[in-house]
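Listed here are the chains, written in short residue letters.
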Amino acid sequence: MKIDSPTVSAVVAVGVLCVFAVIFAVFGNITHDLSSNNIQEKTDAETLSEINQLGLLYQKNKDVEKFEKQMKLMQEEQKVVTPRYLGINISEIYIKEKWNFPFMEPSDVVIHNPELIKPVCKIPENIPYHLQNIRQSEMFQIFAEKYSQHHIMIDISDERYAGGLIHYTIITTSENESFTASTNFHLDSCTGEMKWSNNLSCKDTRNDEHMYTAIKSEIYSSLENKEFCNIKLESWHQDLRIYQIKISDELHKLTQEKVPINSDGNQSHRYFLDFKKLGLLLDITRHYESSVLDTEKLQEDLKEYDRIFGSLPDELLELLEQIK
Amino acid sequence: MKTRLLIIFAIAMIPMMSESYAEEIKIPFGETISYKNLKLYFYDIGDSRCPSDVTCIWEGKVLAMIRVSNDTHDIGGPQNIGFVQKSFEPYSIRLKNVEPYPISTEKPDYVAVLEITKPESRPDEFTDEQICGEGNIMVNGICVPSDNFRVDDPTFFRQNLQTGETISNPEVIIIIEIFGAILIVSFIVIYAIKKRRKK
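Everything in this summary refers to the structure shown in the same document. The model shown is predicted, which means the values in this text are computed figures rather than measured ones.

### Some words on the overall build of chain A
Link 1 in the chain: The secondary structure content of chain A amounts to 10 helices and 7 strands.
Link 2 in the chain: Taking all 324 residues of chain A together, the buried fraction comes to 44%.
Link 3 in the chain: Summarising the internal contacts of chain A: among those between residues at least 6 apart in sequence, 60% fall at separations of at least 24.
Link 4 in the chain: Summing over all exposed atoms, chain A offers an accessible surface of approximately 17900 Å²; the carbon and sulfur share of this is 55%.

### Side note on the packing of helix 2 (residues 64-86) of chain A against helix 4 (residues 127-136) of chain A
Residues and elements named next belong to chain A.
Link 1 in the chain: Taken N-terminus to C-terminus, the directions of helix 2 and helix 4 make an angle of 40°; their axes are 8 Å apart at the nearest point. As far as their axial angle goes, helix 4 and helix 2 are oblique. Crossing of helix 2 against helix 4: the hand is right-handed. Judged by residue contacts, Q78, T82, R84, Y85 and L86 of helix 2 engage I127, P128, L131, Q132, I134 and R135 from helix 4.
Link 2 in the chain: Classifying every residue of the contact of helix 2 with helix 4 gives 6 nonpolar, 3 polar and 2 charged.

### Remarks on helix 6 (residues 216-224) of chain A
Residue and element names in this part refer to chain A.
Link 1 in the chain: The complete set of buried residues in helix 6 reads E218, I219, S222 and L223. Around the axis of helix 6, the buried residues are gathered within 125° of arc, so they sit on the same side.
Link 2 in the chain: Those residues of helix 6 that are buried are in contact with helix 5 (138-147), strand 6 (200-204), strand 7 (209-213) and helix 7 (235-256).

### Details of the nonpolar core
Link 1 in the chain: Judged by nonpolar contacts, the single largest core of 42 residues is most densely connected at L86, I127, I134, F140, Y168, I170 and F185 of chain A.
Link 2 in the chain: Filtering out sequence-adjacent residues up to four positions away, F140 of chain A remains in contact with L86, I88, I134, R135, I170 and F185 of chain A.
Link 3 in the chain: Among the nonpolar cores identified, the runner-up in size contains 26 residues, and L251, L254 and V259 of chain A together with M65 of chain B belong to it.

### Overview of unusual backbone geometry
Link 1 in the chain: Of note, the amide linkage connecting E89 of chain B to P90 of chain B takes the cis form, showing an omega dihedral of 5°.
Link 2 in the chain: For P90 of chain B, the location among the structural elements is in the loop between strand 6 (84-85) and strand 7 (92-99).
Link 3 in the chain: Positive phi, close to 70°, is recorded for K98 of chain A, a residue that is not glycine.
Link 4 in the chain: Even without glycine at this site, K36 of chain B takes up a positive phi of about 50°.
Link 5 in the chain: Relative to the helices and strands, K36 of chain B is located in the loop between strand 2 (32-35) and strand 3 (38-47).

### Here's the deal with the pairing of strand 5 (residues 74-80) of chain B
Residues and elements named next belong to chain B.
Link 1 in the chain: The buried count for strand 5 comes to 5 of 7 residues, which makes it a mostly enclosed element.
Link 2 in the chain: Of the strand pairs in this sheet, strand 4 (residues 62-69) and strand 5 are connected by 7 bridges, and their pairing is antiparallel. By the bridge assignment, R67 is partnered in strand 5 with G76.
Link 3 in the chain: Linking strand 4 back to strand 5 in an antiparallel pair, the connection comprises 4 residues.

### Some thoughts on the pattern of salt bridges
Link 1 in the chain: Summed over the entire model, instances satisfying the criterion amount to 23 salt bridges over all chains.
Link 2 in the chain: Across the salt bridge formed by D204 of chain A and R206 of chain A, the nearest N and O atoms sit 3.0 Å from each other.
Link 3 in the chain: With a closest N to O distance of 2.9 Å, R67 of chain B and D74 of chain B form a salt bridge.
Link 4 in the chain: A relative accessible area of 32% places R67 of chain B in the partly exposed class.
Link 5 in the chain: Each of K276, D301, E304 and R307 of chain A together with D44 and K107 of chain B takes part in salt bridges that share partners, so that together they form one network.

### A closer look at the sheet that holds strand 6 of chain B
Remark on secondary structure: sheet strands pair via backbone hydrogen bonds, oriented parallel or antiparallel.
All names here are of chain B.
Link 1 in the chain: Here 4 strands make up an open sheet; going across it, the order is 1-8-7-6 and the pairing antiparallel. Sheet topology places strand 1 (21-28) and strand 6 at the edges, where each strand pairs with a single neighbour.
Link 2 in the chain: Of the pairings in the sheet, the one linking strand 6 to strand 7 comprises 2 bridges and is antiparallel in character. Looking at the pairing, V84 lines up with R94 of strand 7.

Cut-off values and rules
- Residues numbered from 1 in each chain as written.
- Chains lettered and ligands numbered in written order.
- Predicted model: local features only at pLDDT ≥ 70, side-chain atom pairs only at ≥ 80, totals over all residues.
- Heavy atoms only, no water.
- Helix = DSSP H or I, 4+ residues; strand = E, 2+ residues; numbered from the N terminus.
- Buried < 20%, exposed > 50% of the residue type's maximum accessible area, 1.4 Å probe, protein only.
- Contact = heavy atoms within 4.5 Å.
- Areas by Shrake-Rupley, 256 points an atom, 1.4 Å probe, with all protein chains shown as cover.
- Axes fitted to C-alpha atoms, helices over the stretch in contact; angles between N-to-C directions.
- Parallel < 35°, antiparallel > 145°, perpendicular 65-115°, else oblique.
- Left-handed = near helix turned anticlockwise from the far one by under 90°.
- Nonpolar A, V, L, I, M, F, W, Y, C, P; charged D, E, K, R; others polar.
- Arc of directions from axis to C-beta.
- Core = buried A, V, L, I, M, F, W, Y, C linked by side-chain atoms within 4.5 Å.
- Pairing = 2+ DSSP bridges.
- Salt bridge = Lys/Arg side-chain N within 4 Å of Asp/Glu carboxyl O.

Remember that the coordinates give geometry; whether it matters functionally is a separate question.
Next up, the structure:
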């Protein structure tokens with residue numbers, strides 16, 4: 001069959017048009033979605049910020065009625081905003097005066113904590129952006145996969161005094177309310193960078209028994225099993241936890257004693273060294289439990305222990321050997 | 001009515017007279033800070049507080065080693081948050097906090113936050129020597145030469161008044177002046193009444 005050139009030209013022209021149409025349809029829609037999402041995010045950020053600003057003002061003026069109204073408004077707004085960015089239904093927002101409402105201005109955080117090295121930024125404006133970061137994390141995704149159909153509560157708390165962080169807790173409760181499962185996310189208030197997102201806590205509310213882990217394999221196996229929340233520690237971790245409980249108990253007992261203050265200093269110095277030794281051991285075990293070992297703090301703790309007390313106790317060395 | 005108002009006023013003045021003041025000072029780790037006649041040195045720390053970004057089985061505690069000294073005392077030792085050091089009269093020194101709260105990744109640059117309280121303060125904040133002049137001290141509100149002062153003598157105050165020591169304390173001077181003014185006014189009133197009766 002012979003095809004003449006005008007036919008070829010027409011087919012090519014139609015093809016090109018189709019390709020353009022497809023490109024326009026796909027990318028046009030995406031860009032439209034992106035821009036509408038940006039507008040939504042901006043609006044949400046502004047609304048949260050305005051509510052918080054008024055909360056600060058009413059708190060300053062000691063206008064209790066208006067302040068409480070504002071706090072309720074923040075709760076309602078967060079209930080609307082959080083599902084939009086997390087992609088799951090949120091049943092409850094935990095808001096309490098002084099705990100997480102209103103959020104202080106960054107300048108006031110600095111005034112209260114002048115020794116802060118890291119910069120601190122505003123909280124309410126960044127909530128939508130932070131929630132999007134949380135949604136993208138692996139920990140959130142596996143947590144949401146198991147618990148998204150349950151009662152979920154969010155608690156956003158201000159920890160800018162400690163490393164400029166914002167703490168997001170997601171807590172879910174079983175239907176009979178006997179168990180809770182929770183995970184925490186810490187984000188830098190300025191960059192939105194996520195720190196240490198892998199953690200899972202389970203609580204049996206009937207006896208107040210609490211279990212937690214930051215070890216990825218344990219989190220996965222806990223979330224995969226059919227029980228609502230039950231963390232089974234690996235054997236090395238179980239041994240390390242027992243050692244940690246022993247050190248904590250000794251330290252707790254020591255702090256119950258009266259702190260000796262005397263002019264010769266020997267007794268009080270001995271007391272302090274015991275406290276410091278147990279404190280460093282506790283801190284070192286916490287690092288190994290956290291699964292992120294390459295931290296400046298762990299290295300400094302190990303160096304400090306070695307400088308003051310010599311090598312680590314044999315019992316702990318054996319436990320650490322198991323981890324390797 | 002006036003008497004009642006005076007009583008209320010006097011009662012209201014009592015807490016003001018015994019007012020205490022508290023001042024917050026911050027000592028960075030490894031540094032010494034001078035406050036009035038005190039020297040405060042923050043020289044060591046034990047911090048087992050649970051870092052804010054991890055979950056722990058126990059919340060932990062913090063102890064700061066702080067040495068406080070003046071001309072007569074030198075006391076150092078571990079202090080937990082809320083501990084009050086009362087050996088440095090008239091000051092009481094309370095460890096308010098050790099900042100920042102730890103996080104798991106970094107060793108913080110610690111700062112001990114202390115609250116120093118003095119139960120009764122002179123509003124002008126002058127020292128005895130500034131008020132009474134060099135070589136003098138203030139005893140019971142009166143300036144006396146420091147050589148004559150004996151702490152163990154309970155009759156010291158009266159002895160000094162009897163021996164004609166200069167009273168240079170402003171409060172005593174004000175009381176004497178008021179007393180004199182009342183006497184003068186009384187004399188004028190009595191004189192006026194007598195004159196009226198004569199008429």
